Amino acid sequence: MKDFLQKLALCVENGKINKSSPYPPNMRDQDGADELAKRALEEGVKPDEILENALIPAMAKVGNKFSRKEIYVPQMLMAAKAMSSAMVHLKPFFQSGETKRKGKFIIGTVSGDLHDIGKNLVAMMIEGGGWEVIDLGVDVGAEKFLKALDENPNAIIGLSALLTTTMENMKNIVTVIKEKYSSSKILVGGAPVTTEYCKKIGADFYSPDPQGAVNYLKQLAS
Amino acid sequence: MLELAESQIRAGADVLDVNVGFPGVDDIILLPETVLAIRGSFDVPLCLDSPNPKAIEAALKVAGGKCLINSVNGEEKSLIALLCIAKEYEAAIIGLTMDGDGITHDPEKRLAIAEKILSRAVKEGIKEEDVIIDPLAMAVSTDSKACIVTLETIRLVHQKLGLNITMGASNISFGLPGREDLNSSFISLAIANGLTCPIANPEKITAAVRATDLALGRDDFAVRFVEYFQSKI
């Protein structure tokens, strides 16, 4: 069993999606995350264990390597794709409630801003941290965030903005959310955002990289 | 700011892009102020870069000389707000090949948006040569076809419309190592396809631009190429 999980973690870490994927070249023709997750379940490994002992630690490694600039965006995307191909097999257990995730995370790029790369990377890494991610897309205003929160009152919120001009819209969104849900936690991120700005607008946390957000959520959950 | 302007001009910038986007800033006041400060010291064409048409208009009022507006896109709202201002101040416009539906990954569709911007501008009385198209450069780290879509758009706009083409080239290397090398290679390919006025840091890309022009037979006796490298010694 341990062997399965170790192999699966290695596939996720290196972005080996499935057997037919040619990437990375040194893992060519080997089983990928897809096959290994399926086989592990067939062999009786618990879905919780797959999530906790293979996918989450592998994605944490990926996030840390990215923070240290040992890997880059394409490698991170490959890892996230491998993770997703394993997650597909866990989905029925999430839906039935047999396997529980750590909580819900709502994310969106704020109004006026169409940039989605940073938002997507954070969403992937947080999903890889064991959370259910609700991605509202780009150009998301306060109302849409509120509606998502109404549907998922305990969810944590993430706001993304790439431009100095659209970053300004974070302020309004934070104010509106905190008015209705004063105990909600809001993370902010994106190229122009800083810790000072985060504090100034009353948000709860800023991270310069995806893994920082994952670690903060982990703290909140524990 | 003036020091930065001077070093960029010294490094070979032909136009300065002026952007005052910063949290809490009122660009209707700051953009014209910045333009006036640069105008006081340098005689270089300016590109007014703001999402706010009112700030652009305020800056055009004080700028004098020919300016560039960065930017218009294919959305009605944008065309209506900016084309008449451009016409009034005889400014050139940069037209982004995107519209209300966002960004398409089909070069033919980007060309169609460029055609729309051009025809609307001409109808407004703006000269064709005052329309510059931005084919949109997107990060290749998340989409391995991103650069080829941009290059194909450049080729189409160049061949079919014959317009000047600009873009913020350094976007493409986001999330990757070796950014300057990648940017230089991409700029070379883009120039070969019809890019005429990249927006970039001249301290970093002038070498690639001069080398490409020389390789394409556009620099007789390598005059500009040699001059650039001699000036660096």
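Located above this text is the structure these notes cover.
In this report, we go over the structure that sits alongside the text. (Residues numbered from 1 in each chain as written. Chains lettered and ligands numbered in written order. Predicted model: local features only at pLDDT ≥ 70, side-chain atom pairs only at ≥ 80, totals over all residues.)

Along the backbone of chain A there are nine helices and five strands. The linear arrangement of helices and strands in chain A, starting from the amino end, is α-α-α-α-β-α-β-α-β-α-β-α-β-α. The burial tally for chain A puts 45% of its 222 residues in the buried class. Within chain A, contacts between residues at least 6 apart in sequence are counted, and of these 72% link residues at least 24 apart. (Helix = DSSP H or I, 4+ residues; strand = E, 2+ residues; numbered from the N terminus. Buried ≥ 20, exposed ≤ 12 C-beta atoms within 10 Å, placed from the backbone. Contact = placed C-beta atoms within 7 Å.)

This paragraph deals with the pairing of strand β2 (residues 46-49) of chain B. Within a regular beta strand, the side chains point alternately toward one face of the sheet and then the other, so they alternate between its two faces. Residues and elements named next belong to chain B. In β2, alternate side chains face the same way, and those of Leu46 and Leu48 on one face and Cys47 and Asp49 on the other are all buried. The pairing of strand β1 (residues 16-18) with β2 spans three bridges and is classified as parallel. By the bridge assignment for β2, Asp17 is matched with Cys47. Where β2 lies against strand β3 (residues 67-73), four bridges are found, and the strand directions are parallel. Residue pairing in the sheet places Leu46 in a bridge with Cys67 of β3. (Pairing = 2+ DSSP bridges.)

This brings us to helix α4 (residues 73-96) of chain A. Every α-helix winds through 3.6 residues per turn, so residues three or four apart in the chain are directed the same way. All names here are of chain A. Counted at 1.5 Å a residue, the expected span for α4 with its 24 residues is 34 Å, and the 34 Å between its end C-alpha atoms agrees. If you look at α4, its biggest bend is around 50 degrees, right at His89, and the proline Pro92 turns up within four residues after that. Burial in α4 covers these residues: Gln75, Met76, Met78, Ala79, Ala80, Lys81, Ala82, Met83, Ser85, Ala86 and His89. Buried residues along α4 sit against α1 (2-14), α2 (33-42), α3 (47-67) and α5 (117-127). Phi turns positive one or two residues past the end of α4, at Gly97, with a value near 90 degrees. (Expected span 1.5 Å × (residues − 1). Bend = angle between axes of the 7 residues up to and from the residue.)

All names here are of chain A. In this structure, Lys185 sits in the loop between α7 (164-180) and β4 (186-189). The spacing of Lys185 and Ser111 is 74 residues in sequence and 19 Å in space, taken between C-alpha atoms. Apart from the residues within four sequence positions on either side, Lys185 is in contact with Ile156, Ile157, Asp204 and Leu220.

A few words on the nonpolar core. If you look at the biggest cluster of nonpolar residues, it comprises 64 residues, and the most contacted ones within it are Leu8(A), Val12(A), Ala33(A) and Leu55(A). Top element by residues in this core is α3(A). It accounts for nine residues. Each of domain 1 (2-96) and domain 2 (104-221) of chain A contributes no fewer than three residues to this core. Sequence-distant contacts of Val12(A), defined by excluding residues within four places in its chain, comprise Ala33(A), Ala54(A), Leu55(A), Ala58(A), Met59(A), Ala79(A), Ala82(A), Met83(A) and Ala86(A). In terms of nonpolar packing, the next biggest core, distinct from the first, is built from 59 residues, Ala58(B), Ala92(B), Ile172(B) and Ala190(B) among them. (Core = buried A, V, L, I, M, F, W, Y, C linked by C-beta atoms within 7 Å. Domains from an automatic or database assignment.)

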